[in-house]
Amino acid sequence: MSSGKFILITLAVAAAVFAPQEAPADYAERAAIALVLRPETFLANARDVAGLNAFVTRQASRYASIKAPTVIITGDRDTIVSPDIHARAFAAKLPNSKLVVLEGVGHMPHHVAPDRVVAAIDEVTAEATLAAR
């Protein structure tokens, strides 16, 4: 594959992961996306993705046993990991969870709205600290 095609592919992948927001200009390079395309890494990732549904299905029955205060943060426009199938369903099964759905945000809320992500984590941490006293 020519380096030009490779660059276009990595930029397209980054754009898809960040949609509907824009990926930072240097994201593909800083995140070392090129490393994912090494043959062994690519195959390992493909195996993980192929087995993910079965793995999550097996784990789902154990969600209710998680007692730690938990914040689940998702964007309502995430097309990579469904907010309904994953975040909302996970939150519904966790007794001590708080679900934060960021409106208009895609798969990368920690990049797009880091202040809101940090605030949600800080809030859950503060609540857990008060409850522990």
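Look up: the structure comes first, before these words.
Please read all numbers here as calculations on a predicted model, not as lab measurements.

Participant: Help me out: how do you make sense of the pattern of salt bridges in this one?
Facilitator: When their charged atoms lie close together, side chains carrying opposite charge are able to pair. Scanning all chains against the criterion turns up three salt bridges. Asp84 is the partner of Arg88 in a salt bridge, and the nearest nitrogen-oxygen pair spans 2.6 Å. Here Asp84 and Arg88 lie together in helix α4 (residues 83-93), a separation of four residues that amounts to about one turn. The partly exposed category is assigned to Arg88, whose relative accessible area is 35%.

Participant: What is the right way to read the packing of aromatic side chains from this model?
Facilitator: Two descriptors summarise a pair of aromatic rings, namely the distance from one centre to the other and the angle between the planes of the rings. Tallying each qualifying case throughout the model produces two aromatic pairs. Taking 4.8 Å as the distance between ring centres and 80 degrees as the angle between the ring planes, the aromatic pair formed by Phe18 and Tyr27 counts as edge-to-face. With a relative accessible area of 1%, Phe18 lands in the buried category. Relative to Phe90, the ring of Tyr63 has its centre 4.7 Å away and its plane inclined at 75 degrees; by these criteria the two rings are edge-to-face.

Participant: Looking at this structure, how should I read unusual backbone geometry?
Facilitator: Negative phi is the rule for most residues except glycine; trans is the rule for most peptide bonds. Backbone torsion omega between Ala19 and Pro20 reads 10 degrees, so that peptide bond is classified as cis. Its location among the elements puts Pro20 in the loop between α1 (3-18) and α2 (27-30). Its identity is not glycine, yet Ala32 carries a phi of approximately 55 degrees, on the positive side. Following the sequence through the fold, Ala32 ends up in the loop between α2 and α3 (39-60). Relative accessible area serves as the criterion here: at 27%, Ala32 is assigned to the partly exposed category.

Participant: What is the right way to look at the environment of Pro20 in this model?
Facilitator: You can call Pro20 partly exposed: its relative accessible area is 39%. Through-space distance from the C-alpha of Pro20 to that of Gly106 is 5.8 Å; in sequence the pair is 86 residues apart. Excluding its chain neighbours within four sequence positions, the residues that come into contact with Pro20 are Arg77, Gly104, Val105 and Gly106.

Participant: Whenever I open this one, the pairing of strand β1 (residues 70-75) confuses me. Can you help?
Facilitator: Sheet faces and side chains relate simply in a regular strand, where the side chains alternate between the two faces. Summarising the sheet, β1 and strand β2 (residues 97-102) pair through six bridges and their orientation is parallel. When the bridges of β2 are listed, Ile73 appears paired with Val100. In this region the chain leaves β1, passes through α4 and returns to the parallel neighbour β2; the handedness of that crossover is right-handed.

Definitions and cut-offs
Residues numbered from 1 in each chain as written. Predicted model: local features only at pLDDT ≥ 70, side-chain atom pairs only at ≥ 80, totals over all residues. Heavy atoms only, no water. Salt bridge = Lys/Arg side-chain N within 4 Å of Asp/Glu carboxyl O. Helix = DSSP H or I, 4+ residues; strand = E, 2+ residues; numbered from the N terminus. Buried < 20%, exposed > 50% of the residue type's maximum accessible area, 1.4 Å probe, protein only. Phe/Tyr/Trp six-rings, centres within 6.5 Å; stacked < 30°, edge-to-face > 60°. Contact = heavy atoms within 4.5 Å. Pairing = 2+ DSSP bridges. Right-handed = clockwise from strand over helix to strand, strands pointing away.

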